[in-house]
Amino acid sequence: MIRSSRATAVLATIALVFQLSLPAWGAPGTTLEGTVRIPCDPSRLGEVASVLIRPASGGADVISAVDPATGGFSGADMTAGVYELVVIGTDGVPLSPEPTNLAIVEGPNEVVLNLQPPGCGEQGSESAQGKGLKDWHVALIYFGALGALAALLTVDSEEGSASPFEP
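1. Some thoughts on the sheet that holds strand E7 (residues 108-114)
- Sheet architecture is open: 3 strands sit in the order E4-E1-E7, paired in mixed fashion. A single partner strand is all that each edge strand has here, and the edge strands are strand E4 (72-78) and E7. Each adjacent strand pair in this sheet contributes to an overall mean axis angle of 20 degrees, direction not counted.
- Bridge count between strand E1 (residues 30-37) and E7: 7 bridges; the pairing is parallel. When the sheet's bridge partners are listed, Val36 is paired in E7 with Leu113.

So, in structure tokens, the structure goes:
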């Protein structure tokens, strides 16, 4: 009889511990779902290889691969805290000049990283400059007009004409 009481008590304790731990096992944990975007040239998304997720307080870095078609990346089994996100290109060089700081809370977290990689904005400015006048063109026209005006004002009306056709 004592044996069955002990077995029942042990089984009740195991069942109670199991029942209390179910919500912790079922919780999604701390996750990060993100998207990398390059607004100035979306075709350059293929140049992005991964995102380095570094805890600001120290610890192990997580490298998450970026889907070249959608720009999506994810991080799972993370702890809540502040992280630095660095976008890495296919050549292994960071594409963002400064890391993005992000506070991650318990549960699912979402982030969108908009990049302006080197050379992205320069293409548009070169084409806009090529169609208009450059600064030195404007300066040349300005000084040419001033020189012509000065030449007209200094012509002495008392002197005869320099033209061989006029009497």
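Read on, since the account is not over.
2. Quick look at the pattern of salt bridges
- Inspection of every chain in the model, using the stated rule, returns 3 salt bridges.
- As a salt-bridge pair, Asp61 and Arg54 come within 3.8 Å of each other at their nearest N and O atoms.
- Between Arg54 and Glu84 there is a salt bridge whose closest N-O contact spans 3.5 Å. Of this pair, Arg54 sits in strand E2 (residues 48-55) while Glu84 sits in strand E5 (residues 81-89), and the two are 30 residues apart along the sequence.

3. Describing the sheet that holds E2
- Judged by pairing direction, the sheet is antiparallel, and its 4 strands sit side by side in the order E3-E2-E5-E6 without closing on themselves. Because the sheet does not close on itself, it has two edges, and the strands there are strand E3 (62-65) and strand E6 (100-104). Taken pair by pair, the neighbouring strands of this sheet meet at an average axis angle of 30 degrees, ignoring direction.
- Both E2 and E5 contribute to a ladder of 7 bridges, which runs antiparallel. Looking at the pairing, Leu52 lines up with Val86 of E5.

4. Observations concerning the nonpolar core
- Core analysis: the biggest nonpolar cluster contains 20 residues, and Leu32, Val36, Val48 and Val51 have the highest contact counts within it.
- Among all residues touching Val51, those that are not within four sequence positions of it are Val36, Val62, Ile63, Ser64, Val66, Phe73, Leu85, Val86, Val87 and Leu113.

5. So, a nonpolar patch on the surface
- Residues Tyr142, Phe143 and Leu146 make up a contiguous nonpolar surface patch of about 340 Å² in total accessible area.
- When you line up the elements, Tyr142 lands in helix H3 (residues 135-154).

6. Let's talk about the packing of aromatic side chains
- Inspection of the entire model under this criterion finds 1 aromatic pair.
- Ring centres 5.4 Å apart and planes at 70 degrees place the aromatic pair Tyr142 and Phe143 in the edge-to-face group. You'll find Tyr142 and Phe143 in the same group, each marked exposed.

7. Considering unusual backbone geometry
- One non-glycine residue, Asp77, lies in positive phi territory at about 55 degrees.
- By the secondary structure assignment, Asp77 is in strand E4.
- Exposure remark for Asp77: the relative accessible area of 76% places this residue in the exposed category.

Criteria and cut-off values
- Residues numbered from 1 in each chain as written.
- Predicted model: local features only at pLDDT ≥ 70, side-chain atom pairs only at ≥ 80, totals over all residues.
- Heavy atoms only, no water.
- Pairing = 2+ DSSP bridges.
- Helix = DSSP H or I, 4+ residues; strand = E, 2+ residues; numbered from the N terminus.
- Axes fitted to C-alpha atoms, helices over the stretch in contact; angles between N-to-C directions.
- Salt bridge = Lys/Arg side-chain N within 4 Å of Asp/Glu carboxyl O.
- Core = buried A, V, L, I, M, F, W, Y, C linked by side-chain atoms within 4.5 Å.
- Buried < 20%, exposed > 50% of the residue type's maximum accessible area, 1.4 Å probe, protein only.
- Contact = heavy atoms within 4.5 Å.
- Patch = residues over 30% accessible without salt bridge, like charges linked within 9 Å, V, L, I, M, F, W, Y side chains within 5 Å.
- Areas by Shrake-Rupley, 256 points an atom, 1.4 Å probe, with all protein chains shown as cover.
- Phe/Tyr/Trp six-rings, centres within 6.5 Å; stacked < 30°, edge-to-face > 60°.

Note that every value here comes from positions in space, so none of it alone points to a role or purpose.
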